[in-house]
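Here are the chains, one letter per residue:
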Amino acid sequence: MVMQRPQLTRAGIAFALYLHHLISAIEVPLDSNIQSELPQPPTITKQSVKDYIVDPRDNIFIECEAKGNPVPTFSWTRNGKFFNVAKDPKVSMRRRSGTLVIDFHGGGRPEDYEGEYQCFARNDYGTALSSKIHLQVSKSPLWPKEKVDVIEVDEGAPLSLQCNPPPGLPSPVIFWMSSSMEPIHQDKRVSQGQNGDLYFSNVLLQDAQTDYSCNARFHFTHTIQQKNPYTLKVKTTRGVTETTPSFMYPYGTSSSQMVLRGVDLLLECIASGVPAPDIMWYKKGGELPAGKTKLENFNKALRISNVSEEDSGEYFCLASNKMGSIRHTISVRVKAAPYWLDEPQNLILAPGEDGRLVCRANGNPKPTIQWLVNGEPIEASPPNPSREVSGDTIVFRDTQIGSSAVYQCNASNEHGYLLANAFVSVLDVPPRILAPRNQLIKVIQYNRTRLDCPFFGSPIPTLRWFKNGQGNTLDGGNYKAHENGSLEMNMARKEDQGIYTCVATNILGKAEAQVRLEVKDPTRIVRGPEDQVVKRGSMPRLHCRIKHDPTLKLTVTWLKDDAPLYIGNRMKKEDDGLTIYGVAEKDQGDYTCIASTELDKDSAKAYLTVLAVPANRLRDLPKERPDRPRDLELTDLAERSVRLTWIPGDDNNSPITDYIVQFEEDRFQPGIWHNHSSYPGSVNSAVLSLSPYVNYQFRVIAVNDVGSSLPSMPSERYQTNGARPEINPTGVQGAGTQKNNMEITWTPLNATQAYGPNLRYIVRWRRRDPRGSWYNETVKTPRHVVWNTPIYVPYEIKVQAENDFGRAPEPDTVIGYSGEDLPSSPRYLRIRQPNLETINLEWDHPEHPNGVLTGYSLRYQAFNGSKTGRTLVENFSPNQTRFTLQRTDPISRYRFFLRARTQVGDGESIVEESPALLNEAYTKNHVDIATQGWFIGLMCAIALLVLILLIVCFIKRSRGGKYPVRDNKDEHLNPEDKNVEDGSFDYSDEDNKPLPNSQTSLDGTIKQQESDDSLVDYGEGGEGQFNEDGSFIGQYTVKKDKEETEGNESSEATSPVNAIYSLA
């Protein structure tokens, strides 16, 4: 039924006695005072089934019950005509009921009363009808007498034994037995069909060892009738020929079957063949209906329960053996008797209101809808201007007092019908509160509770709740007001105590009632019994300390092995525990302490083990890992904590030292267990700290000196409420992956740190400059890349966690750097040669590192003129700026290539060459030789020889010898000079005379004496420089071609021989 009402009144009267008892049809309350005051049309409350089969040995009862105000009167029709109950002495009607009673104790035939009955319930406001009840008397006819001949059949041939039971009402149950009442063994070769016949796929010689009798059991009489038995004679042959399958039922290759919606469909295929065939079932174009199919009778029958239109189609059975296969197709058509889509419901209206009755049904074929009013076709009823019939809907507008009636909807097709009654009652009633006055409701703190205020009125009253006389309506937050008048509290708190008032109001007045709510402390066992292993004869004590609300009466009971414990003279029950004196083996078992009040209860359990073995022999028992803990229980449920209690397992002769509590949550890492906390082996209960917005599940592992137990079975789940995050991500870093970006990464929060749904991260960054602007981005993954950054500049970074409940505290600032690039060359490279054995290098860091320096790479090679040695490489740490090279010879020079390195790679190189050192070396050696004694002696001898030579020359010249003298005394003698024109010549020693302006190198070659090297060649801009210590500084430049040969030149003093010639 669909109601249309003005917005303020909402069609009809809202009434319900309990929150969870919500009904779609509006009914007048069962309160006796209201029932006696309010008119109500009749409503059928009980009736017999449509197809009613009765036992002929009993009286017949045709039920019909109804309610209404005034109380309805009843009448019946039989086969469409008025049935006068008063005229038949065997028929009576129960008092204040319409149920017919037909009594046959005085004789009579029940069959005389078969027919179609219908009940009418009437009062001043309308007439209600029952369904048409088809009454039939059960029948159990006898089996007709017949002569059954002996049946001869060849071995291996198929056979069917027909039952043909007499028609009964209802149909009898068929089964086959021998004449000695032994059941016939059935299998895939021999089985009973749905028609009752017994089928043999192939007959064997052993089938002749018994006879076969069909039996029919009738339901009401509980009698069994037996048909004359069949006797088989099996003719044997030399061998049974194997044959392909052939169908015995149904016949042919196809058949069809019609079934009504909602009943069970049974398809059957029985096949013959040698060997006996196997049967398989299929549906063309799809799978067999899932969840509603069942194979029966050795796969020979397929049952589809509760058939619907989707089950229509073609099914086929496949019978196969090793000789071949055959199939039969069954076309299934599903029809439907009428069934309800919208069944009309009672409609209660206030004067002037609108409403409607809807009667929608479906079926196959589609049913026709017929409306009746008070049992008569609506077309024949008196006209009603406020009523309009439109197919399956009756619309009422501006209803008035006196328009009450009972309407019937009849939906029918060829397969059946539906009949529904729905009354329309027009009432004008002020609000009434139906709950007792001044109710007292007690509830345990933090539990859900409900304050009920059932009400009644027409038009529907509006109900509101108030607390302690305050003017604000209670609805929202911890309160939820329901349309039926109940006020629900999700969690009762101490501050919720007080007096609550419900007020129901409509246009005719208002009514109110008060409810007092008291919130009590929960009952909790703060220290429960613990598992113990004790010696026989000792005095164990089982603790049970309880905390409860002092205004509630507390009851403490003990159970042993889940049965009430008898407290004998060996046991003493105290306020906080139970003591057992002289414990014996019979005292071993589970002990449970139960603390209860009128509102709640709590319990704790422990296992007491009694050892008959002396304690000093425990050391000799084998030790194993403990058994797993069991019976995990969560109590004291709070926002950030919960108490977990468990029962320890057997320690297997090695005391339990620790318990490890683990947890699993099903949002971030379902199925993965994490360690939560650990506790000493002496406890079996612990308060666990919890994080918000986690769906916890716990388990416990016991540990002893041998090892760890298996984990306990998981506890029930406990979901904590959400909150804003309390911490921010850790491990925040900023580093470039390319030279123009910075990747910001961090360690994300885990499941116990998220604290709420939709966890995300607010990433903020700016260049390390207090005047810089912050940029931000919100992401869900633990990574964010900032692009278009300068090369290797510092950034300030913050990452803050946020969920749907809010943000975490302000995060700390972390310094990160953008991407790196290749570094520039080192600022300088200085070369010092303190002696002929070593070369010292010194350099400075690059002016533009472009990142974090990871080291330096030095490549160098020796060269001597055009000759070069192999290239050597040295790598240095980023902090090293000096290197000493050990020379392999004092003559060769070295060329150095120095590069700085970042993680991107090697940067630009600075190139330098060591200076030539031969002149410097010779001068140093010359000074050293001049100080030697042997050298001084040699020089004196040479001077003496020169003096002698001069004396000889002077003597000869004095004698008149003709020796020309050179005009230019300062010029060296040249062996290539021509003789003077006068024919005189200079004296020379051709064997010892060197070339002019030349000297002899260390390798014997003649080289130019004067060096072409200059400081300009080693300096930039033509200016060479020396440090104060004499080391050379300069940038390597391209030398002239002559420099290729300068490496081995040296400056040396004029030899003694040359000195002589120079003096001549």
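None of the values given here were measured: they were computed from a predicted structure.

What counts, and at which threshold
Residue positions are given per chain, counting from 1 as you read along its sequence in written order. Owing to the predicted nature of the model, reporting of local features is limited to residues with pLDDT of at least 70; listing and counting of side-chain atom pairs is limited to 80 or more, with chain, interface and lining totals taken over all residues. Side-chain metrics in this entry use all non-hydrogen atoms of the structure; hydrogen atoms and water are not considered. Secondary structure elements are defined from DSSP: runs of H or I of at least 4 residues count as helices, runs of E of at least 2 residues count as strands, and each element is numbered from the N terminus. Only protein chains enter the accessibility calculation, which uses a 1.4 Å probe; a residue is then buried when its area is under 20% of its type maximum, exposed when over 50%, and partly exposed in between. For the area figures, the Shrake-Rupley method with a 1.4 Å probe applies, and any residue is considered shielded solely by the protein chains shown. In this description, a nonpolar core means a group of buried Ala, Val, Leu, Ile, Met, Phe, Trp, Tyr and Cys residues linked to one another through side-chain atoms lying within 4.5 Å. Here a residue-residue contact requires only that any non-hydrogen atoms of the pair lie within 4.5 Å. The salt bridge definition used is simple: a Lys or Arg side-chain nitrogen within 4 Å of an Asp or Glu carboxyl oxygen. Residues adjacent in sequence count toward polar contacts only when both atoms are side-chain atoms; beyond that, a polar contact is any pair of N or O atoms within 3.5 Å, and within protein one must be able to donate a hydrogen and the other to accept it. When DSSP finds two or more bridges between a pair of strands, those strands are recorded as paired. Every axis corresponds to a line fitted to the C-alpha atoms, with the helix fit spanning only the stretch in contact, and the corresponding angles, defined between N-to-C directions, vary from 0 to 180 degrees. Centres within 6.5 Å make a pair out of two Phe, Tyr or Trp rings, where for Trp the six-membered ring is used; the pair is then stacked when the planes are under 30 degrees apart, edge-to-face when over 60, and tilted otherwise. Remark: a charge is flagged as sitting over a ring if the NZ atom of Lys or the CZ atom of Arg is within 6 Å of the ring centre and within 35 degrees of the ring normal. Cysteine sulfur pairs qualify as disulfides if the two atoms are within 2.5 Å.

A. Focus on the overall build of the chain. A count of helices and strands for the chain gives five helices and 83 strands. Expressed as a percentage of its 1064 residues, the buried residues of the chain come to 42%. Put simply, the chain shows about 57800 Å² of open surface, and 49% of that area lies on carbon and sulfur atoms.

B. Seen up close, the nonpolar core. I62, W76, L100 and Y117 are the most contacted members of the largest nonpolar core, which totals 31 residues. Of all the secondary structure elements, the ones that give two or more residues to this core are strand 2 (51-54), strand 3 (60-62), strand 4 (64-69), strand 5 (73-78), strand 8 (100-102), strand 9 (115-123) and strand 11 (133-137). Excluding anything up to four places from it in sequence, L100 contacts I60, F61, I62, W76, F83, V85, V91, S92, M93 and Y117. Judged by nonpolar contacts, the second largest core, of 21 residues, contains L451, C453, Y500 and L517.

C. Representation of the environment of V814 in the model. Of note, V814 is situated in strand 71 (residues 814-817). Given the relative accessible area of 25%, V814 is considered partly exposed. Through-space distance from the C-alpha of V814 to that of V799 is 9.0 Å; in sequence the pair is 15 residues apart. When near neighbours in sequence (up to four residues on either side) are disregarded, V814 contacts V732, Y795, E796 and I797.

D. Quick look at the pattern of salt bridges. Under the criterion given, the structure shown has 50 salt bridges. The closest approach of N and O atoms between R450 and D452, which form a salt bridge, is 2.6 Å. The exposure class assigned to R450 is partly exposed, which follows from its relative accessible area of 27%. Close ionic contact of R764 with E810 constitutes a salt bridge, the shortest N to O distance being 2.7 Å.

E. Quick peek at the side chain of S213. Tracing the chain through its elements places S213 in strand 17 (residues 211-217). Engagement of the side chain of S213 in a polar contact is seen with the side chain of Q226, the distance being 3.4 Å. Polar contacts involving the side chain of S213 include one to the main-chain carbonyl oxygen of K227, which spans 2.7 Å.

F. Representation of the sheet that holds strand 64 (residues 730-735) within the structure. Across the sheet, which stays open at both edges, the three strands sit in the order 64-65-68 with antiparallel pairing between neighbours. This sheet does not close on itself; its edge strands, each paired only once, are strand 64 and strand 68 (783-787). Here the average twist between neighbouring strands, direction ignored, is 10 degrees. The sheet contact formed by strand 65 (residues 741-747) and strand 68 spans five bridges and is antiparallel. By the bridge assignment, N741 is partnered in strand 68 with W787.

G. Seen up close, the packing of aromatic side chains. A complete count under the given rule lists 18 aromatic pairs for this structure. Each ring, one from F200 and one from Y212, has its centre 5.5 Å from the other, and the planes form 90 degrees; the classification is edge-to-face. Taken as a pair, F200 in strand 16 (residues 198-200) and Y212 in strand 17 lie far apart in primary sequence, twelve residues in all. Y212 matches F200 in its accessibility class, with the two residues each being buried. Of note, R261 hangs over the ring of Y339, and the distance from its end group to the ring centre comes to 3.6 Å.

H. Representation of the environment of I378 within the structure. Tracing the backbone shows I378 in the loop between strand 33 (376-377) and strand 34 (387-390). The buried category is assigned to I378, whose relative accessible area is 9%. Remark: the alpha-carbon pair of I378 and Y407, spanning 29 residues in sequence, is separated by 8.6 Å. Setting aside residues no more than four positions away along its own chain, I378 makes contact with W371, L372, V373, R387, V389, I394 and Y407.

I. Region of the structure containing unusual backbone geometry. Here the bond from N69 into P70 is cis, since omega is 5 degrees, no more than 30 degrees from zero. Along the chain, P70 turns up in the loop between strand 4 and strand 5. Residues L169 and P170 are joined by a peptide bond in cis, for which omega reads -5 degrees. Looking at the element boundaries, P170 is found in the loop between strand 13 (159-161) and strand 14 (173-177). Of note, Y693 is a non-glycine position whose phi angle comes to about 55 degrees, a positive value. One can find Y693 in the loop between strand 61 (685-689) and strand 62 (695-704). One non-glycine residue, Y792, adopts positive backbone phi at about 45 degrees. In this fold, Y792 is placed in the loop between strand 68 and strand 69 (794-803).

J. Quick peek at the sheet that holds strand 40 (residues 449-451). Taken in spatial order, the three strands make up an open sheet running 40-44-43, and their pairing is antiparallel. What marks the edges here is a single partner per strand, and that holds for strand 40 and strand 43 (479-481). Each strand axis lies, on average, 20 degrees off the axis of its neighbour in the sheet, ignoring direction. Note: strand 43 against strand 44 (residues 487-489), three bridges, orientation antiparallel. Looking at the pairing, K480 lines up with E488 of strand 44.

K. Just the state of the cysteines, in detail. The full count for this structure, using the stated rule, is six disulfides. For C163, the disulfide goes to C214, at an S-S distance of 1.9 Å. Of note, the bridge from C163 to C214 carries an S-S torsion of about -65 degrees and is left-handed in sense. Taken as a pair, C163 in the loop between strand 13 and strand 14 and C214 in strand 17 lie far apart in primary sequence, 51 residues in all. Like C214, C163 is buried. The disulfide bridge from C359 ends at C409, spanning 1.7 Å between sulfur atoms. With the S-S dihedral at roughly -65 degrees, the linkage between C359 and C409 falls on the left-handed side. A residue pair is termed long-range when its members are at least 10 positions apart, and C359 in the loop between strand 30 (355-358) and strand 31 (360-364) and C409 in strand 36 (residues 405-413) qualify at 50 residues. A relative accessible area of 0% places C409 in the buried class. Sequence-ordered numbering of the bonded cysteines in the chain gives a pairing of 1-2, 3-4, 5-6, 7-8, 9-10, 11-12.

The values are spatial; any link to function lies outside them.
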